[in-house]
Amino acid sequence: MSLQKLARELDETARQTAAMVEGISDALEVLADKSLNCEQAKRKAVTMIVNALQGQDRIEQRCQNMALAVRQFALLPPTA
């Protein structure tokens, strides 16, 4: 993995993490919405949180791949 690709992977990981947090924040807003009854708010919020957390496995895999790439870079001679 080149350093440019590693940088792109970091950018994408940041984007995915922000999207996950945004989805959870949106779900909290739904729970605070007084125009929805309690059961509606809970159902909608749970769906939103589940959808947001589905990206976690992609984020985890991307982080593992980047950690492997960094370890490989660390093995290169200092003059490389």
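Whatever comes next refers back to the structure up there.
This text gives an overview of the structure that appears in the document. Not measured: the values here are computed from a predicted model.

1. Some thoughts on the side chain of Gln16
Okay, so step 1: Relative to the assigned elements, Gln16 resides in helix 1 (residues 3–32).
Okay, so step 2: A distance of 2.9 Å separates polar atoms of two side chains, one belonging to Gln16 and the other to Arg62.
Okay, so step 3: Not counting the four nearest positions on each side in its chain, Gln16 is found in contact with Arg58, Ile59 and Arg62.

2. Thoughts on helix 3 (residues 56–74)
Okay, so step 1: Relative to the 27 Å expected for 19 residues at 1.5 Å per residue, helix 3 spans 27 Å between its end C-alpha atoms, a close match to the ideal helical length.
Okay, so step 2: Turning to helix 3, the residues buried within the fold contact helix 1.

3. A word on the packing of helix 1 against helix 2 (residues 38–53)
Okay, so step 1: Between helix 1 and helix 2, whose axes approach to 8 Å, the crossing angle comes to 175°. Taken together, helix 1 and helix 2 sit at an angle that is classed as roughly antiparallel. On helix 2, the residues that touch Met20, Gly23, Ile24, Asp26, Ala27, Val30 and Leu31 of helix 1 are Ala41, Lys42, Lys44, Ala45, Met48, Ile49, Ala52 and Leu53.
Okay, so step 2: Grouping the constituent residues of the contact of helix 1 with helix 2 by class yields eleven nonpolar, one polar and three charged.

4. Describing the pattern of salt bridges
Okay, so step 1: Within the structure shown, the criterion is met by five salt bridges.
Okay, so step 2: Two residues, Glu39 and Lys42, come together in a salt bridge whose shortest N-O distance is 3.7 Å. You can see Glu39 and its partner Lys42 sitting in helix 2, three residues apart, about one turn around the helix.
Okay, so step 3: In this structure, Glu39 and Arg43 form a salt bridge, with 3.9 Å as the shortest nitrogen-oxygen distance. Of the two residues, Glu39 and Arg43 are both situated in helix 2; the distance of four residues between them amounts to about one turn of the helix.

Parameters and conventions
- Residues numbered from 1 in each chain as written.
- Predicted model: local features only at pLDDT ≥ 70, side-chain atom pairs only at ≥ 80, totals over all residues.
- Heavy atoms only, no water.
- Helix = DSSP H or I, 4+ residues; strand = E, 2+ residues; numbered from the N terminus.
- Polar contact = N/O pair within 3.5 Å; in protein donor to acceptor, adjacent residues only side chain to side chain.
- Contact = heavy atoms within 4.5 Å.
- Expected span 1.5 Å × (residues − 1).
- Axes fitted to C-alpha atoms, helices over the stretch in contact; angles between N-to-C directions.
- Parallel < 35°, antiparallel > 145°, perpendicular 65-115°, else oblique.
- Nonpolar A, V, L, I, M, F, W, Y, C, P; charged D, E, K, R; others polar.
- Salt bridge = Lys/Arg side-chain N within 4 Å of Asp/Glu carboxyl O.

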